[in-house]
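Chain residues, written in single-letter form:
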Amino acid sequence: MSTTVGIRPSPEATEVRRRRVAGLGALAVVLLAAGAVSLAVGARALSPAEVWHGLFTAQGSDQRLTEITLIVQTLRVPRTVLAIVAGVALGVSGALIQGYTRNPIADTGLLGVNTGASFAVVSVIVLFGFSSPYQYVWFAFLGAAAAGVVVFGLASIGRGAGSPLTLALAGQGVAVFLAAMTTAVSLSDQASLNALRFWKAGSVSGVGFDVIWPVLAFTVLGLALALTTLPAINLLNLGDDVARGMGVNLTLSRAVGIVAITLLAGATTAACGPIAFLGLMVAHVARYVTGPDYRWLVPCAGLLGAVVLLVCDIVGRVVTRPGELQAGVVVALVGAPFFAALVWRGKFKTV
Amino acid sequence: MNETAVKPSVTPGLRLGSASFVWRPWMVFVTLLLTAATFLVFCLSIGVGDFPIGLSQVIATLLGQGERVDEFVIMDLRMPRALAGLVVGAALGMSGAITQSIARNPLASPDILGITGGASAVAVFLVTVSGGAAAAIVDSVGLSVAALAGGLGTGLLVYFLAWRRGIDGLRLILIGISVSAVTEAITIWLLVTADIRDVARAQAWLVGSLDNRSWGEVWVALWCALALVAVVSCVAFQLRPLHFGDEVAAGLGVRYSMVRAVLLLCAVLLAGVAVSAAGPVPFVALVAPQVAMRLARYPTPPLVASALTGALLLIGADLVARTALPVTLPVGVVTAAIGGPFLVYLLVRANLKGR
């Protein structure tokens, strides 16, 4: 009696799957190409041969090429790696936060991550007189993490714990408060205002591997947590009751998701400054490419975020040579009009 | 099947001619309470200062029966500031309530309709770029008027960019966010390249302030706000059905496209009035409707209660900023520092009660 019926996927399902795989593949190829270009472009343009040489020659072995080696190994490689790591983290966390709050305008700043980091930066500058990003980057991360924990804690008190609406509004309330505190401090202390304006612009340059390795570690941890929750987000978006009926542990799933978002967005924000718009933008574009299935949407958003941030960083290096435009500024100036055009043409569905 | 315990919870209606209303005692009570509280804080705010005036004298003076000294201090010196706070708070509260209702999104606010971003970018440009045309503009029309023009221009740009066979809530806020991101990037870039002293001046303008208001500015803001509120009150009764979606609204006889367009234009202009009177005071428009909703136990942002909450928040914050704090802070900062935690408190309390 027991005959297993092989369910053949419908032509549409095959088509959707083909489109998703093709989209991810294309993004990966573009990312590799952009990474290669990123190593060559800058105030001192390098030829492919010079880049190759700079990558694989130890410093000091050849006097003529030391300069190139130095540029590639200490400037171009770190910022390229950071742009990719930060882009993936922001893209993934942007898609996750929209999934958890079920709100199409939620961005990674919603959990208070950006304002928490900003407040930590201005506070330590006033308290300890720090002046270099190297000194305050971990305080920024602590501030971001603390804000995320406080928001989730407040949203989880009592019944209706961590519901999308409560989470979004509690995050907004905490963010509003922290932003006010940041403004109050920066208005009274010019050194912190000076640091804040550069930090807020959002840039992937100027930090070395001693910052990038920990950011990478937090990002990998966050990504691992994020990947485990993706099936649960799909169910959560059917409504809490349905999700519970399908066996999702709501509290656990939300807690893991929030920790993942805080790790991803917090580490990135600490290293680069707030680039919240990137996450919002790529989450919508990724949803358009892959459809609403978060198992595909989130990886696509991650790759897309890396591509966009890397390309914007390259554009920022080129347009005002020999000066540079911060990647965060370019993301908004170039990405937003493009995004608005897609919105206007009706490409996006609600979450 | 035990249905004896089920009691119909239909609230009785009020009928006046062809108009009918749902009688909501709690809503009316909260609205009256907010009105009384706003009036009280308004009078207190007028009485406080280097020359303190008692509450009874303030009320007597407002009714035209005060002494000459009090009348001079109140009407000439303190009234513009207090009235500006009242108008700005009410305008922002109502503007936020309309925006959140139309976008059907509690995170929406006129801040993302471009007003604030546009005004900030123009103001920071005029403050940081010295000399040439920028100085000429500031000299001839003044910083706040130029900023208002920038804000309204950006707001209308968002409005028309989002227009495609009518206004759609999601399209509007996504385009608003995009345009705001551009203006914010411009602001940040201007701040990064500017001299640090100009940055401090620009930052002070960016948080909004009620200092040094003149009667002229306040009258303009007051009359504009009243005119806009009049328009809103003519269309507002058609706002509720919009919450059920376009199809249901159309079925109920609401011309949703027209209603949305008119109300949204009013929201943009109300936010513009607020910017012109106090600069871009942040967060009031976002927080006030959500607080009012929870105070009034109403399912959608109530317009009148939101306006009152906004006004109360702003003049209350101004009072706190002038009396209780050791350092002088702009009213925008204090508003956010009070409004944010109060919203969180309301959320947590509601969750604890399981409502």
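Only a predicted model underlies this, so the values are computations on that prediction, with no experimental measurement involved.

Engineer: Explanation requested: the overall build of chain B in the structure shown.
Structural biologist: Per the secondary structure count, chain B includes 14 helices and two strands. Computed over its C-alpha atoms, the radius of gyration of chain B comes to 22 Å, within 12% of the 20 Å expected for a compact globule of 355 residues. The 355 residues of chain B split such that 53% are buried. Of the contacts made within chain B by residues no fewer than 6 positions apart, 75% connect residues no fewer than 24 positions apart.

Engineer: How should I be thinking about the overall build of chain A in this particular structure?
Structural biologist: From N to C terminus, chain A includes 13 helices and zero strands. Taken along the three principal axes of its C-alpha coordinates, chain A extends 80 × 50 × 40 Å. Of the contacts formed within chain A by residues at least 6 apart in sequence, a portion of 75% connects residues at least 24 apart.

Engineer: Teacher, can you tell me more about the interface of chain B and chain A here?
Structural biologist: In many analyses, interface size is given as the accessible surface area lost on bringing the parts together. The interface is formed by 47 residues belonging to chain B together with 48 residues belonging to chain A. Of all the elements, helix H7 (residues 169-193) of chain B adds the most residues to the side of chain B that touches chain A, at 16 residues.

Engineer: Which parts of the structure should I look at to understand the nonpolar core?
Structural biologist: One recurring pattern in soluble globular proteins is that nonpolar side chains are buried together. With 240 residues, the main nonpolar core has Val121(A), Leu309(A), Leu270(B) and Ala274(B) as its most contacted residues. Excluding residues within four positions of it along the chain, Leu309(A) makes contact with Ala83(A), Ala86(A), Gly87(A), Val204(A), Leu278(A), Ala327(A) and Val331(A). Counting residues in hydrophobic clusters, the runner-up holds five residues, among them Leu39(A), Ile68(A), Val72(A) and Val77(A).

Engineer: Teacher, can you tell me more about the confidence of the model for chain B here?
Structural biologist: Predicted coordinates in areas of low pLDDT are best not read in detail. Residues and elements named next belong to chain B. Residues at a pLDDT of 70 or more form 94% of chain B, whose mean pLDDT is 83. Every residue in residues 1-6 scores below 50 in pLDDT, and together they form zero contacts with partners more than four places removed in sequence or on other chains. Across the predicted assembly, pTM comes out at 0.85 and ipTM at 0.83.

Engineer: Sorry, what's going on with helix H13 (residues 303-323) of chain B here?
Structural biologist: Note: α-helices contain 3.6 residues per turn, so residues at a spacing of three or four share the same orientation. Compared with an ideal rise of 1.5 Å per residue, which puts 21 residues at 30 Å, H13(B) spans 30 Å between its outermost C-alpha atoms and is within 8% of the ideal. Of all 21 residues that make up H13(B), 18 are buried, and the element is covered over most of its length.

Engineer: Is there a simple way to explain the pairing of strand S2 (residues 19-22) of chain B in this structure?
Structural biologist: Regular strands have side chains that alternate between both faces of the sheet. Residues and elements named next belong to chain B. When strand S1 (residues 13-16) meets S2, the two strands line up antiparallel, connected through four bridges. The partner of Leu 14 across the bridge, within S2, is Phe 21. The antiparallel pairing of S1 with S2 creates a hairpin that spans two residues between the two strands, and Gly 17 there sits at a positive phi of about 60°.

Engineer: What is the right way to look at the packing of helix H1 (residues 11-40) of chain A against helix H12 (residues 294-319) of chain A in this model?
Structural biologist: Residue and element names in this part refer to chain A. Close contact between H1 and H12 brings their axes to 9 Å; oriented N to C, the two are set at 25°. It follows from the interaxial angle that H1 and H12 lie roughly parallel. In this structure, the crossing between H1 and H12 has a hand that is left-handed. Contacts between H1 and H12 involve Arg 20, Gly 23, Leu 24, Leu 27, Ala 28, Val 30, Leu 31, Ala 34, Gly 35, Val 37 and Ser 38 on the former and, on the latter, Trp 296, Pro 299, Cys 300, Leu 303, Leu 304, Ala 306, Val 307, Leu 310, Val 311, Asp 313 and Ile 314.

Criteria and cut-off values
Residues numbered from 1 in each chain as written. Chains lettered and ligands numbered in written order. Predicted model: local features only at pLDDT ≥ 70, side-chain atom pairs only at ≥ 80, totals over all residues. Helix = DSSP H or I, 4+ residues; strand = E, 2+ residues; numbered from the N terminus. Rg over C-alpha atoms; globule rule 2.2 N^0.38 Å. Buried ≥ 20, exposed ≤ 12 C-beta atoms within 10 Å, placed from the backbone. Contact = placed C-beta atoms within 7 Å. Core = buried A, V, L, I, M, F, W, Y, C linked by C-beta atoms within 7 Å. pLDDT = per-residue confidence, 0-100. Expected span 1.5 Å × (residues − 1). Pairing = 2+ DSSP bridges. Axes fitted to C-alpha atoms, helices over the stretch in contact; angles between N-to-C directions. Parallel < 35°, antiparallel > 145°, perpendicular 65-115°, else oblique. Left-handed = near helix turned anticlockwise from the far one by under 90°.

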